[in-house]
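# Understanding the architecture of this molecule
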Amino acid sequence: MSFNNKTIEELHDLLVKKEISATELTEATLGDIKARETAVGSFITVAEEAALEQAQTIDEEGIDADNALSGIPLAVKDNISTKGILTTAASKILYNYEPIFDATAVQNAYGKGMIVVGKTNMDEFAMGGSTETSYFKKTKNAWDQSKVPGGSSGGSATAVASGQVRLSLGSDTGGSIRQPAAFNGVVGLKPTYGTVSRFGLIAFGSSLDQIGPFSQTVKENAQLLNAIASEDKKDSTSAPVRIADYTSKIGQDIKGMKIALPKEYLGEGIDPQIKENILAAAKQFENLGAIVEEVSLPHSKYGVAVYYIIASSEASSNLQRFDGIRYGFRAEGAESLEDIYVKTRSQGFGDEVKRRIMLGTFSLSSGYYDAYFKKAGQVRSLIIQDFEKVFANYDLILGPTAPQVAFGLDTLNHDPVAMYLADLLTIPVNLAGLPGISIPSGFVDGLPVGLQLIGPKYGEETIYQAASAFEAVTDYHKQQPAIFGGENK
């Protein structure tokens, strides 16, 4: 029996009434993974034994009636540390790495009685926008297996979209949760920087990375964020404790809410059908009582250039630790210490990772630092100021998540610049440390379109309020791909 069409609240009700057990739910989830995994390739590791052991313990202790996530299965992106479960960041260099600790976000999920069923595929070290740079496999879009799932959290998005799990965790450095959520027609949130601890997240861009939730519905997304968000002394960038219930505004009307629509987000490079879809969504928000007005974010056009300097510079520093000495892959035939470093990194890293390490190292090098890294930091400040000016007068910003729907497998992965430009609408949010969500807003050529809502820092409750209001009057989130028993549009 499969339970993946039921919401978290419905599953919780069944668990509390003992109509199903956590073990039965986990077994059913593992069955769904096995049945669909060949088609989409969402997982690098399925932790069957550990998951069933955990489910049995929860059944013995009893389901917590006051905790909606007690006994609920969870998939975790493979760059988030899980004790005793392979954590590879989809790289050859970590092909055999089993952490001895859990990431704080995973620890928090365990604290709520959630059951980790496996680790999802991703672009290597989260560097990519299509989940094609993974050392292990290429993940496919849940709606059309000839298309990419987006990236870098493609496995986490497709695991939810294809009905393998109801909830998953991803990470977002420049759009890596929101873009695959858009491409697969699910809900994905990148929280305010510092809301979820980065301890245990394998670092890519330390000033940009943030762990966040994927789900089928807006409320489920907020419920998972409630579970994983926390202050953490092990993460110096973790935000001070803010007692928040991210579901608190869900169901409230949005009459009088002021929503900004940046003209830059509907300009050059945006598919005309995507633009039409987003303008129709804006009209829907107006019908719900919101005030939608055009604004300008003039420096957003520099976002991609700024991001790839800053993110690559931080990556070149963060990835120095992978040297073949302490853990993971070590090249054979090395004759000296330097030889170990060179051969291990040459053989262990994929092309995209090497490209970004070289770009970042160049940007930080003597003689180029001021021209590139320092200048990028200054332009980043201008991008932040643009957002601050808009949020002085508006509650949220609305726009497309991606400039196009999911593109074909093996089409953009040979053109790094084209792949980088696909993130032009999501990157500014990370540069400014803001929260952003992607929710389903329709279809173009049978593929899902994502609507992005951006809030001011710690504006997640308002984002969820507006997203749930839109979800309540549309049925896009109820549409399911054929692999999940639906009819592709």
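Residues numbered from 1 in each chain as written. Predicted model: local features only at pLDDT ≥ 70, side-chain atom pairs only at ≥ 80, totals over all residues. Heavy atoms only, no water.

The test is simple: UniProt positions are given in the numbering used here, feature names are shortened, and annotations may be inferred rather than shown by experiment.
You'll find the chain entered in an unreviewed UniProt entry as Glutamyl-tRNA(Gln) amidotransferase subunit A, with Streptococcus criceti HS-6 given as the organism. We quote the UniProt Function (unreviewed entry) comment for the chain here in full: "Allows the formation of correctly charged Gln-tRNA(Gln) through the transamidation of misacylated Glu-tRNA(Gln) in organisms which lack glutaminyl-tRNA synthetase. The reaction takes place in the presence of glutamine and ATP through an activated gamma-phospho-Glu-tRNA(Gln)." Quoted straight from UniProt, the Catalytic activity (unreviewed entry) entry for the chain says "L-glutamyl-tRNA(Gln) + L-glutamine + ATP + H2O = L-glutaminyl-tRNA(Gln) + L-glutamate + ADP + phosphate + H(+)".

### Regarding the nonpolar core
We count it as follows: Among buried residues, the Ala, Val, Leu, Ile, Met, Phe, Trp, Tyr and Cys ones that are joined through side-chain atoms within 4.5 Å form a nonpolar core. In this scheme, a residue with accessible area under 20% of its type's maximum is buried, one over 50% is exposed, and one in between is partly exposed, where area comes from a 1.4 Å probe on protein chains only. The helix count covers DSSP runs of H or I at least four residues long, the strand count covers runs of E at least two residues long, and both are numbered beginning at the N terminus.
The biggest cluster of nonpolar side chains holds 134 residues, and the ones touching the most others in it are Phe125, Phe285, Phe387, Ile397, Leu398 and Ile437. A total of 8 residues in this core trace back to one element, the largest contributor, which is helix H9 (residues 303-318). Core analysis: the second largest hydrophobic core is formed by 6 residues, Val148, Phe183, Ala402 and Ala406 among them.

### Quick word on a nonpolar patch on the surface
Short version of the rule: Patch definition: residues above 30% relative accessible area lacking any salt bridge, with like charges linked at up to 9 Å and the nonpolar side chains Val, Leu, Ile, Met, Phe, Trp and Tyr linked at up to 5 Å. Surface accessibility follows the Shrake-Rupley procedure with a 1.4 Å probe radius. Residue values consider only the protein chains on display as shielding. Put simply, a salt bridge is a Lys or Arg side-chain nitrogen that is within 4 Å of an Asp or Glu carboxyl oxygen.
Side chains of Ile325, Leu337, Tyr341 and Val342 sit close together on the surface and give an oily, nonpolar patch of about 330 Å² of accessible area. For tyrosine 341, the position within the fold is in helix H10 (residues 337-348). Residue class for tyrosine 341 comes out partly exposed when judged on its relative accessible area of 33%.

### So, the packing of H9 against helix H11 (residues 351-364)
As a reminder, the rule being used: In this analysis, axes come from line fits to C-alpha atoms, helices being fitted only over the stretch in contact, and the angle between any two N-to-C directions falls in the range 0 to 180 degrees. By definition in this entry, angles of less than 35 degrees are roughly parallel, angles greater than 145 are roughly antiparallel, angles of 65 to 115 are roughly perpendicular, and the rest are oblique. Contacts between residues were defined by any pair of non-hydrogen atoms, one from each residue, lying within 4.5 Å. Under the scheme applied, nonpolar residues are Ala, Val, Leu, Ile, Met, Phe, Trp, Tyr, Cys and Pro; charged residues are Asp, Glu, Lys and Arg; polar residues are all the others, including Gly.
Interaxial distance between H9 and H11 falls to 7 Å at its minimum, and their mutual angle equals 100 degrees. The angle between H9 and H11 falls in the class roughly perpendicular. In this structure, H9 uses Tyr308, Ile309, Ser312, Ser313 and Ser316 to contact H11, whose residues at the interface are Arg356, Ile357, Leu359, Gly360, Thr361, Ser363 and Leu364. Residues belonging to the contact of H9 with H11 are distributed by class as follows: 5 nonpolar, 6 polar and 1 charged.

### A word on the environment of methionine 122
Along the chain, methionine 122 turns up in the loop between strand S3 (115-120) and helix H5 (154-161). Through-space distance from the C-alpha of methionine 122 to that of serine 316 is 19 Å; in sequence the pair is 194 residues apart. Apart from the residues lying within four places of it in its own chain, the contact partners of methionine 122 are Lys77, Asp78, Asn79, Ala89, Ala90, Thr131, Ser134 and Ser152.

### As for the packing of aromatic side chains
For the record, the criterion: A pair of Phe, Tyr and Trp rings is counted when the ring centres sit within 6.5 Å of each other, with Trp represented by its six-membered ring. The angle between the planes then sorts it: under 30 degrees is stacked, over 60 is edge-to-face, the rest tilted. Each ring is checked for a lysine NZ or an arginine CZ that lies within 6 Å of its centre and within 35 degrees of its normal; such an atom marks a charge sitting over the ring.
Counting across every chain of the model gives 17 aromatic pairs. An angle of 40 degrees between the planes, with centres 5.4 Å apart, marks the rings of phenylalanine 101 and phenylalanine 199 as tilted. Of this pair, phenylalanine 101 sits in the loop between strand S2 (73-77) and helix H4 (104-111) while phenylalanine 199 sits in the loop between strand S5 (187-190) and strand S6 (211-215); the two residues are 98 residues apart in sequence, bridging distant segments of the chain. Ring-pair connections join several aromatic residues into one group, and the members of that group are Tyr97, Phe125, Phe322, Tyr327 and Phe349. Note that lysine 234 overlies the ring of phenylalanine 199, its terminal NZ or CZ placed 5.2 Å from the centroid. Residue placement shows lysine 258 over the ring face of tyrosine 394; its charged tip is 4.8 Å from the ring centre.

### Focus on the UniProt feature "domain: Amidase" (unreviewed entry) in the chain
Mapped onto the present numbering, the UniProt feature "domain: Amidase" (unreviewed entry) falls on residues 24-463. Across residues 24-463, helical content stands at 37% and strand content at 14%; the span's end C-alpha atoms are separated by 35 Å.

### Description of H4
Within H4, burial applies to Thr104, Ala105, Val106, Asn108 and Ala109. As for H4, its buried residues are in contact with S2, S3, S6 and helix H7 (218-228). Of the residues trailing H4, glycine 113 is marked for its positive phi of about 80 degrees.

### Description of the pairing of strand S11 (residues 447-454)
Basically, it comes down to this: Only strands that DSSP links by at least two bridges are regarded as paired with each other.
With 8 of 8 residues buried, S11 is to be regarded as a mostly interior element. As judged from the 4 bridges shared by strand S9 (residues 396-400) and S11, these two strands associate in the antiparallel manner. Looking at S11, one finds that isoleucine 397 is bridged to isoleucine 454. Across 8 bridges, strand S10 (residues 436-444) lies against S11 in antiparallel orientation. Paired with proline 440 across the bridge in S11 is glycine 450. Connecting S10 to the next strand, S11, in antiparallel fashion are 2 residues, including aspartate 445 with a positive phi near 55 degrees.

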